[in-house]
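# Observations on the three-dimensional arrangement
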Amino acid sequence: MTLTTPAAPAAPAATELLDADFYGFQHQLTATEQAAVGRVRDFMEREVRPVADDYWDRAECPVHLFKPFAELGSVGAAWAETAQFENSAVFRGWVGMELARVDSSFCTFIGVSSGLAMSSIGLGGSAEQRAQWLPPMARGDLIGAFGLTEPLSGSDTARGLRTTATRHGDTWVLDGAKRWIGNATFADVVVIWAKDTADDQVKGFLVRKGTPGFTATKIERKQSLRIVQNADITLDGVEIAEADRLQGIDSFKDLANVLRVTRDGVAWQSLGTMIGAYEAAVRYTAEREQFGNPIASYQLVQDKLATALGNITASLAMCVRLAQMQDDGTQRDQHAALAKAFVTTRMRETVALAREVCGGNGITLDTGVARYFADAEAVYTFEGTRDMNQLIVGRSITGHAAFV
Ligand code: FAD
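Put simply, helix α8 (residues 252-287) and helix α9 (residues 299-328) touch, their axes get as near as 10 Å, and they point 155° apart. Judged on the interaxial angle alone, α9 and α8 are roughly antiparallel. Classified by chirality, the crossing of α9 by α8 is left-handed. Partitioning the contact of α8 with α9 into residue classes produces 19 nonpolar, four polar and one charged.

In structure tokens:
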């Protein structure tokens, strides 16, 4: 018997090399959902990728792209009032992943309105409030923001909020300060979370642009998610009608339902951020030659790319299952917390590996990984730091709350 060496498999096409969906999770999406994801992907490649580095460098936000993006029909896909077709949480997460894959700032800019602000109204608003706000926000006619964090209260917002809401008849008066609030300098409506001075419980308020006593000042010199316009807000005797208090929010527990859903979104965003960095690294290592060969041909470089792809694949599996649990109603806070902590940690490792294989050029915007590398830091911290999310999981494992 003659032993023959098996023929080497054909080299994968460039598009396959760049396909980070290694186990084919896209088949979880329906044909309609895949077509919608394709439209989002085209939009991001056509409208956002060519300008992202320059906007990032100037720390400016392409606000004018909000409306054209909304016209694609995926903003508001979670709500009966605004969904354009039947869709799953996997689809909605996937859209966020596609945004972050091109630019994590753009994903945040859209997500603050379509995720944080619309979810606050969708989950915490009355039928009238949902009907009033969700359709114009889904069309991109109104942009939202979400004001929870304060200068003196970040991780401990569950008990540490200092912004107050005092009721006088049918009017509430808000006093306090907020920090880090994305979109707040231009948003048409900012959801402000404050403690009711009567019962000490957290309530949500829809503060419209231009309301007297509301001031938003851009936070300058930020080195992560530079496109996102984050603001310090002051609330000085801001009067809000009872009709603009979110009618379904009576305590922090109700707000936690909003945070659970949006935490899922940040896990998908982290996944997109690491895919963007990984794809840029694959491209760079194929082109860059050292010692007479493309660096992609060296074992140590391949090890890093394989580690990155493993991180992406494990995270994608986790995100898909998490989304399915959102749809079947079995998802709890600890499930979202585990995904946020795990995926952001893998993201941090992945963007660092991607940066590393690009050598010195990896710290310039030109190589296409530096932006993801810098942006990962903010994503790692917002929507609950890794520590906070680990503690939520730890509480569910042990029954002991270890926050204080
Ligand atoms: P801190 O709470 O001061 O934490 C500092 C460190 O201490 C962290 O490492 C933390 O894990 C650790 N720590 C705190 N408590 C404990 C404990 N009990 N045990 C162990 N470790 C602990 N907020 C909004 O409301 N709306 C927004 O739109 C928004 N956008 C943001 C955008 C960006 C770019 C950033 C950076 C933040 C944004 N945030 C927003 C705020 C964000 O959610 C907070 O930054 C985050 O919750 C952490 O709070 P902190 O920054 O005050 O950190």
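Still more ground to cover, so stick around.
For the ligand, the set of nearby residues contains 18 residues, the closest of which are T149, S155, T385, D387 and F403. Between T385 and the ligand, the recorded distance is 2.7 Å, taken from a side-chain N or O atom to an oxygen atom. Protein contacts shield 67% of the accessible area of the ligand, which totals 980 Å² for the unbound molecule.

Once that is clear, we can look at the nonpolar core. In this structure, W193, W268 and L271 are the most contacted members of the largest nonpolar core, which totals 118 residues. Among the elements that line this core, the one with the most residues is α8, at 17 residues. Discounting residues that sit within four places of it in the chain, W268 has contacts with V90, G93, W94, M97, L316, C319, V320 and A323.

Time to look at helix α11 (residues 370-381). Every buried residue belonging to α11 is among A370, R371, Y372, A374, D375, A376, V379 and Y380, and all of these are buried. Positioned one or two residues after α11, E383 has a phi angle of 60°, which is positive.

This paragraph deals with the environment of Y380. For Y380, the position within the fold is in helix α11. Residue classification places Y380 among the buried residues on the basis of a relative accessible area of 15%. Separated by 32 residues in the primary sequence, Y380 and R348 place their C-alpha atoms 7.5 Å from one another. Filtering out sequence-adjacent residues up to four positions away, Y380 remains in contact with K340, T344, T345, M347, R348, T385 and R386.

It is worth spelling out the pairing of strand β4 (residues 189-196) at this point. Most of β4 is tucked away, with eight of its eight residues classed as buried. Of the pairings in the sheet, the one linking strand β1 (residues 144-147) to β4 comprises four bridges and is parallel in character. Bridge pairing in β4 links A145 to V190. Note that strand β2 (residues 164-168) and β4 share two bridges and pair parallel. Its bridge partner lying in β4, A165 is registered against D196. A loop of five residues connects β4 with strand β5 (residues 202-208), the two strands running antiparallel in sequence, and D200 in this loop sits at a positive phi of about 65°.

Reading the values: rules and limits
- Residues numbered from 1 in each chain as written.
- Predicted model: local features only at pLDDT ≥ 70, side-chain atom pairs only at ≥ 80, totals over all residues.
- Heavy atoms only, no water.
- Axes fitted to C-alpha atoms, helices over the stretch in contact; angles between N-to-C directions.
- Helix = DSSP H or I, 4+ residues; strand = E, 2+ residues; numbered from the N terminus.
- Parallel < 35°, antiparallel > 145°, perpendicular 65-115°, else oblique.
- Left-handed = near helix turned anticlockwise from the far one by under 90°.
- Nonpolar A, V, L, I, M, F, W, Y, C, P; charged D, E, K, R; others polar.
- Near = heavy atom within 4 Å.
- Polar contact = N/O pair within 3.5 Å; in protein donor to acceptor, adjacent residues only side chain to side chain.
- Areas by Shrake-Rupley, 256 points an atom, 1.4 Å probe, with all protein chains shown as cover.
- Core = buried A, V, L, I, M, F, W, Y, C linked by side-chain atoms within 4.5 Å.
- Buried < 20%, exposed > 50% of the residue type's maximum accessible area, 1.4 Å probe, protein only.
- Contact = heavy atoms within 4.5 Å.
- Pairing = 2+ DSSP bridges.

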